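Below, each chain spelled out in residue letters.
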Amino acid sequence: MLEQELAGGPWWPYVLMTVGALATYFWRALGVALSGRIDAGSRLFEWVACVAYAMLAGLISRMILLPNGPLAETATADRVAGAAIALAIFFLTRRNVGLGVAAGAGALVLITLGRTLF
Amino acid sequence: MTIVNDPPEKSAMTPENRQAFASPRAAALAGLRDAFGVPMLVLGASYVGFGSLVHGAGLDVWLGLFSTFTGWALPGQIVAIELYSLGGSLVLVAAAVAMTNARLLPMTVSLMPYLRARGTPAWRYYLFSHYVAVTAWAAGMRICPTLQPEHRLPYFAGFGTTLWSMCLVTTALGFYLAGLLPGFVTLGLVFLNPIYFMLVFVADARHRGRILALMVGALLGPPLHLVSPDWGLLITGVLAGSIAFAADLALPRKTREGRDA
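Residues numbered from 1 in each chain as written. Chains lettered and ligands numbered in written order. Predicted model: local features only at pLDDT ≥ 70, side-chain atom pairs only at ≥ 80, totals over all residues. Heavy atoms only, no water.

Asks: Quick question: what am I supposed to make of the overall build of chain A here?
Replies: Helix and strand counts for chain A stand at five helices and zero strands. In terms of overall dimensions, chain A is more spread out than a globule: its C-alpha atoms have a radius of gyration of 21 Å, far above the 13 Å expected for 118 residues. Looking at the 118 residues of chain A, the share that counts as buried comes to 48%. Excluding contacts between residues fewer than 6 apart, the proportion of contacts in chain A whose partners are at least 24 apart in sequence is 29%. Carbon and sulfur atoms make up 70% of the accessible area of chain A, which amounts to about 5,900 Å² in all. (Helix = DSSP H or I, 4+ residues; strand = E, 2+ residues; numbered from the N terminus. Rg over C-alpha atoms; globule rule 2.2 N^0.38 Å. Buried < 20%, exposed > 50% of the residue type's maximum accessible area, 1.4 Å probe, protein only. Contact = heavy atoms within 4.5 Å. Areas by Shrake-Rupley, 256 points an atom, 1.4 Å probe, with all protein chains shown as cover.)

Asks: Would you explain the domain arrangement of chain B in this entry?
Replies: Residues and elements named next belong to chain B. Looking at chain B, the domain boundaries give domain 1 (22-204) and domain 2 (205-261). For domain 1 and domain 2, the distance between their C-alpha centroids amounts to 23 Å. Taken together, the contact between domain 1 and domain 2 spans 10 residues of the former and nine residues of the latter. The interface formed by domain 1 and domain 2 holds zero salt bridges in total. Viewed at the interface, domain 2 and domain 1 are joined by two residue pairs in polar contact (both at pLDDT 80 or more). Put simply, the parts of the chain that give the side of domain 1 that touches domain 2 at least two residues each are helix 9 (134-143) and helix 11 (183-204). Per element, the largest residue contribution to the side of domain 1 that touches domain 2 is four residues, and it comes from helix 11. Each residue belonging to the side of domain 1 that touches domain 2 can be placed in one class, and the counts come to eight nonpolar, no polar and two charged. (Domains from an automatic or database assignment. Salt bridge = Lys/Arg side-chain N within 4 Å of Asp/Glu carboxyl O. Polar contact = N/O pair within 3.5 Å; in protein donor to acceptor, adjacent residues only side chain to side chain. Nonpolar A, V, L, I, M, F, W, Y, C, P; charged D, E, K, R; others polar.)

Asks: What is the right way to look at the domain arrangement of chain A in this model?
Replies: Accessible area lost upon the coming together of the parts is a frequently used measure of interface size. Looking at chain A, the domain boundaries give domain 1 (1-37), domain 2 (39-67) and domain 3 (74-118). With centres defined by C-alpha atoms, the gap from domain 1 of chain A to domain 3 of chain A works out at 37 Å.

Asks: Is there a simple way to explain the pattern of salt bridges in this structure?
Replies: Opposite charge on two side chains allows them to pair when their charged atoms are near. All chains considered together, the criterion is met by four salt bridges over all chains. Here A:Arg115 makes a salt bridge to A:Asp78, at a shortest N to O gap of 2.6 Å. With A:Arg115 in helix 5 (residues 97-117) and A:Asp78 in helix 4 (residues 76-92), this pair connects stretches of sequence that are 37 residues apart. Given a relative accessible area of 51%, A:Arg115 falls into the exposed group. A salt bridge links B:Arg142 to B:Asp204; its shortest N-O distance comes to 2.9 Å. In this pair, B:Arg142 sits in helix 9 while B:Asp204 sits in helix 11, placing the two residues 62 residues apart along the sequence.

Asks: Looking at this model, I keep getting lost on the environment of B:Leu59. Mind explaining?
Replies: Residue placement: B:Leu59 occurs in the loop between helix 3 (38-56) and helix 4 (61-70). For B:Leu59, a relative accessible area of 10% puts it in the buried group. The sequence separation of B:Leu59 and B:Thr236 amounts to 177 residues, and the corresponding C-alpha distance is 34 Å. In contact with B:Leu59, other than residues within four places in its own chain, are A:Pro13, B:Val54, B:Ile81, B:Tyr84 and B:Phe175.

Asks: What is the right way to look at the environment of B:Leu168 in this model?
Replies: Tracing the chain through its elements places B:Leu168 in helix 10 (residues 149-177). Once residues within four sequence positions are removed from consideration, B:Leu168 is found in contact with B:Leu65, B:Thr68 and B:Phe69.

Asks: Sorry if this is basic, but what is going on with the nonpolar core here?
Replies: Nonpolar side chains tend to gather and get buried jointly when the protein is soluble and globular. Residues B:Trp137, B:Tyr155 and B:Phe201 are the most contacted members of the largest nonpolar core, which totals 102 residues. Ranked by residue count, the leading element in this core is helix 11 of chain B, at 11 residues. Setting aside its immediate chain neighbours within four residues, B:Trp137 contacts A:Ala52, A:Tyr53, A:Leu56, B:Met107, B:Ser110, B:Leu111, B:Val132, B:Phe156 and B:Phe201. (Core = buried A, V, L, I, M, F, W, Y, C linked by side-chain atoms within 4.5 Å.)

Asks: Explanation requested: helix 4 of chain A in the structure shown.
Replies: Residue pairs spaced three or four apart in an α-helix point in one direction, given the helix's 3.6 residues per turn. Between its first and last C-alpha, helix 4 of chain A extends 24 Å over 17 residues, near the 24 Å set by a 1.5 Å rise per residue. Among the residues making up helix 4 of chain A, those that are buried are A:Asp78, A:Arg79, A:Gly82, A:Ala83, A:Ala86 and A:Phe90. Summarising the axial view, the buried residues of helix 4 of chain A lie within an arc of 140 degrees, below the 170-degree limit, and thus occupy one face. In helix 4 of chain A, the exposed residues that point more than 90 degrees away from the buried face are A:Ala77 and A:Leu92. Tucked into the core, helix 4 of chain A has its buried residues touching helix 3 (43-65) and helix 5 of chain A together with helix 11 of chain B. Two residues or fewer past helix 4 of chain A, A:Arg94 is found with a positive phi of approximately 55 degrees. (Expected span 1.5 Å × (residues − 1). Arc of directions from axis to C-beta.)

Asks: What should I look at first to understand the interface of chain B and chain A in this one?
Replies: On the side of chain A, 72 residues touch chain B, which itself brings 85 residues to the contact. For the pair chain B and chain A, the two sides together bury roughly 7,300 Å², of which 79% comes from carbon and sulfur. Across the pair A:Glu46 and B:Arg210 runs a salt bridge, and its minimum N-O distance is 2.9 Å. Within the side of chain B that touches chain A, the residues separate by chemical class into 59 nonpolar, 20 polar and six charged. (Buried area = accessible area lost by both parts, 1.4 Å probe.)

Asks: How should unusual backbone geometry be read in this particular structure?
Replies: Peptide bonds are, in most cases, trans, and in most cases residues other than glycine have a negative phi. Phi at A:Arg94 takes a positive value of approximately 55 degrees, unusual for a residue other than glycine. In this fold, A:Arg94 is placed in the loop between helix 4 and helix 5.

Asks: Which parts of the structure should I look at to understand the packing of helix 3 of chain A against helix 12 (residues 208-227) of chain B?
Replies: When two helices pack together, their arrangement is given by the angle between the helix axes and by the axis-to-axis distance. Remark: helix 3 of chain A packs on helix 12 of chain B, axes separated minimally by 6 Å, with the N-to-C direction vectors making an angle of 45 degrees. Comparing the axis directions of helix 3 of chain A and helix 12 of chain B gives the class oblique. Along this stretch, helix 3 of chain A crosses helix 12 of chain B, giving a crossing that reads as right-handed. Of the residues in helix 12 of chain B, those touching helix 3 of chain A at A:Phe45, A:Glu46, A:Ala49, A:Cys50, A:Tyr53, A:Ala54, A:Ala57, A:Gly58, A:Ser61, A:Arg62 and A:Leu65 are B:Gly209, B:Arg210, B:Ala213, B:Leu214, B:Gly217, B:Ala218, B:Gly221, B:Pro222 and B:His225. (Axes fitted to C-alpha atoms, helices over the stretch in contact; angles between N-to-C directions. Parallel < 35°, antiparallel > 145°, perpendicular 65-115°, else oblique. Left-handed = near helix turned anticlockwise from the far one by under 90°.)

Here it is, written out as structure tokens:
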């Protein structure tokens, strides 16, 4: 088998990344192909847009509430507080995304540091 | 300047005050410029994290760059690196990355009608669909409908080019910074990403159906992830999206202004 010969060889990681890239691009190309058949004013189009927004919102709230990686070691309450602070600063600064993001991430870092100190 | 934030006049843009560019080239340059700033910094910071993950997996910097160049969409890239470390097979990597990135299908389908213009060769859509990822997509969904059709794809292409280039730079940066950054800095960098996306969607929310989709999706995402880590996100999208779509149809149509805004 070709896969057995390649596995563990110097090019193996590149083979895996290429397969990952193709699996990623597949959705984009399929999206372009399918979209040619959907009228922008149709209900089907609006439904697809709703599915896209729902998926992204689900992903974001999952990343905040049930994160993987280093965030998993922080307290859920701290991450929720960080998100709330980001929203508060965003609205208080007349919808400044940059300041909101900086405040939210800064707050999580400070709260987490504070917990290790006390 | 659009460096620090999206100016209020842009988020309040309606078809009546369309942003007019002199040429497709001017639209592409405006896209390049608009991504410069917060979008570029936040996404760049996320790729610092990816670069250090590549380092941690014992791979070289070129592999990280190769991944960002070809497979640009962070969650899928992370999955591919993690599966490499675990000794996953080709089929497993293909399936896991495809599952992780399935959101790109509804995203591309819903963005494309805002990018199409008469006379544009089809290969350009296939080429620039590589830039469909949350940050550029959200910008495209907001700005492109307000532009003249022939300026839409160039604007999106410009916006994506800035982001993609920055991600390549910060993938390498993260690779060489791996292990040098204190844990709490990494924490802040990783948290930037979901917080940024959250604010972008709060800032953009306009169509009632899509606002409902964001709210129902945010509510259902975590519990459905607990039910099924593999299928949770897909189920969230279809279920929450359909609920929002149906609710928007059923509710009285008093605030349906800005359908194409």
